[in-house]
Amino acid sequence: MAYGSWANQRGQGPVLLALLAISALAWAYVIWLGAQMAAMPGAMAAMPGMHMSGETLAPWTTVHFLFIFSMWAVMMVGMMAPTVTPMVLMYARIVHASAAPRAVPAAWFACGYLCAWTLFSAAAALAQWGLEALALLTPMMTSASHRFGGAVLIAVGLYQWVPLKHACLSQCRAPLQFFQRHGGFRPGAAASVRLGFLHGLHCVGCCWALMTLLFVVGVMNLLWIAALMVFVLLERLIRAGRMLSWCAGAAAVLAGVWMYWS
């Protein structure tokens, strides 16, 4: 079952506007940061915790790590808030129509969802730290090795075919079934945050490999960030979402083999 009649807007206007505003602010920051990084090395060296040593970045500091973590977190909000909007709107509509006492706004559900992606952002920042220490990333946060880039592409492509990927994707494509399997609509903020966080974990399980493509094409490559956001949304919404995932996986493997041996 795909997203159904979530377009019914009763009680959903404020939720939709809030999600759009959050996403727009996140994208504004990402675009500004991308522009700053384009002025490398001078602008990047002036950023919090960032400093150059020759043609490479100096060892990370705590401030540097926090800066990279916040960069990933804001980027994930910008990318994933639009993709979860249909799910949040459905949650808002059902809660609005529910007679359950103390029903809370869908904002708590969205907060739980974004918390899961914030945890992923911490893991991504740690991965970036490790990759940079191994000299596999350039100061511009792109792949420094065609073999590393090819290996990442192959791994991403293969993950698009594994059962875990599609088990998580099926949870994202069938929101009503997801709600029913995980306790339904319970009153209280804690229950909504828990449900949103659980959905976020399924979404991370579905999409984490795709996000590692940014280590190949550039962590702050705005075109690829936008492309990944659209791809994730299409995987969820269109009837051929699984076929799209399989085709993209095959293309990534072929591109990875070519890059690895080029």
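Quick notes on the rules
Residues numbered from 1 in each chain as written. Predicted model: local features only at pLDDT ≥ 70, side-chain atom pairs only at ≥ 80, totals over all residues. Heavy atoms only, no water. Helix = DSSP H or I, 4+ residues; strand = E, 2+ residues; numbered from the N terminus. Buried < 20%, exposed > 50% of the residue type's maximum accessible area, 1.4 Å probe, protein only. Contact = heavy atoms within 4.5 Å. Areas by Shrake-Rupley, 256 points an atom, 1.4 Å probe, with all protein chains shown as cover. Expected span 1.5 Å × (residues − 1). Arc of directions from axis to C-beta. Disulfide = S-S within 2.5 Å. Axes fitted to C-alpha atoms, helices over the stretch in contact; angles between N-to-C directions. Parallel < 35°, antiparallel > 145°, perpendicular 65-115°, else oblique. Nonpolar A, V, L, I, M, F, W, Y, C, P; charged D, E, K, R; others polar. Patch = residues over 30% accessible without salt bridge, like charges linked within 9 Å, V, L, I, M, F, W, Y side chains within 5 Å. Salt bridge = Lys/Arg side-chain N within 4 Å of Asp/Glu carboxyl O. pLDDT = per-residue confidence, 0-100. Phe/Tyr/Trp six-rings, centres within 6.5 Å; stacked < 30°, edge-to-face > 60°. Core = buried A, V, L, I, M, F, W, Y, C linked by side-chain atoms within 4.5 Å.

1. Topic: the overall build of the protein chain
Summing up its helical and strand segments, the protein chain has 11 helices and two strands in all. Scanning the protein chain from its N terminus toward the C terminus, one meets helices and strands in the order α-α-β-β-α-α-α-α-α-α-α-α-α. When the 262 residues of the protein chain are sorted by exposure, 46% land in the buried category. Considering only intrachain contacts with a sequence separation of at least 6, the fraction spanning at least 24 residues in the protein chain is 76%. Approximately 12,000 Å² of the protein chain is accessible, and the part contributed by carbon and sulfur atoms is 74%.

2. Observations regarding helix 10 (residues 222-237)
Here helix 10 contains 16 residues, and its C-alpha end-to-end distance of 23 Å stays within 8% of the 22 Å for a straight helix at 1.5 Å per residue. I225, L228, M229, F231, V232, E235 and R236 are the residues of helix 10 that are buried. What you see down the axis of helix 10 is that its buried residues fit within an arc of 165 degrees, all on one side.

3. Side note on helix 11 (residues 241-261)
Under the 1.5 Å per step criterion, the end-to-end length of helix 11 is 31 Å for 21 residues, consistent within 8% with the ideal 30 Å. Within the span of helix 11, buried status applies to G241, S245, G249, A252 and G256. When helix 11 is viewed along its axis, its buried side chains cluster within an angular range of 85 degrees and face the same direction. Opposite the buried face of helix 11, by more than 90 degrees, sit the exposed residues L254, W258 and W261.

4. Points about the state of the cysteines
Scanning all chains against the criterion turns up zero disulfides. With no disulfide of its own, C111 lies 6.6 Å from the sulfur of C115, the closest cysteine sulfur.

5. Remarks on the packing of helix 1 (residues 13-38) against helix 10
Taken N-terminus to C-terminus, the directions of helix 1 and helix 10 make an angle of 150 degrees; their axes are 10 Å apart at the nearest point. Between helix 1 and helix 10, the crossing angle belongs to the class labelled roughly antiparallel. Contact residues: helix 1 offers W27, V30 and I31, while helix 10 offers L222, I225, A226 and M229. Residue composition of the contact of helix 1 with helix 10, grouped by class: seven nonpolar, no polar and no charged.

6. Quick word on a nonpolar patch on the surface
On the surface, V230, L234, L237 and I238 cluster together into a nonpolar patch covering about 270 Å² of accessible area. Assignment of secondary structure puts L237 in helix 10. The exposure class of L237 is partly exposed, given its relative accessible area of 31%.

7. As for the confidence of the model for the protein chain
Scored by pLDDT, the protein chain comes out at a mean of 85, with 85% of its residues at no less than 70. Within the protein chain, helix 5 (residues 146-159) carries the highest mean pLDDT (96), whereas strand 1 (residues 52-53) carries the lowest (49). Contacts of residues 1-8 to residues separated by more than four positions or lying in other chains number 22 contacts, the stretch itself having pLDDT below 50.

8. Structural notes on the packing of aromatic side chains
Evaluated as defined, the whole model comprises 14 aromatic pairs. With centroids separated by 5.9 Å and ring planes inclined at 75 degrees, the aromatic side chains of F109 and F179 adopt a geometry described as edge-to-face. In this pair, F109 is assigned in helix 4 (residues 107-133) and F179 in helix 7 (residues 175-181), connecting sequence segments 70 residues apart. Summarising the burial analysis for this pair, F109 and F179 share the class buried. Between the aromatic rings of Y260 and W261, the centroid separation amounts to 5.1 Å while the plane-to-plane angle is 75 degrees, which identifies the pairing as edge-to-face. Since its relative accessible area comes to 27%, Y260 is described here as partly exposed. Of the aromatic side chains, those joined through ring pairs into one cluster are W72, W117, F120 and F215.

9. Notes on the environment of M90
Tracing the sequence through the fold places M90 in helix 3 (residues 62-97). It is 9.1 Å that separates the C-alpha atoms of M90 and A106, two residues lying 16 residues apart in sequence.

10. Some thoughts on the nonpolar core
Note that soluble globular proteins tend to have their nonpolar side chains buried in a common cluster. Core analysis: the largest hydrophobic core is formed by 67 residues, its most contacted members being W72, M75, M79, M80, W117 and M211. Among the elements that take part in this core, helix 3 stands out by supplying 18 residues, more than any other. The residues touching M75, leaving out its near neighbours within four places in the chain, are V30, L214, V219, M220 and I225.

11. Comments concerning the environment of A73
Here A73 shows up in helix 3. You can call A73 buried: its relative accessible area is 15%.

12. With respect to unusual backbone geometry
One non-glycine residue, A135, adopts positive backbone phi at about 60 degrees. Examined against the element boundaries, A135 turns out to sit in the loop between helix 4 and helix 5.

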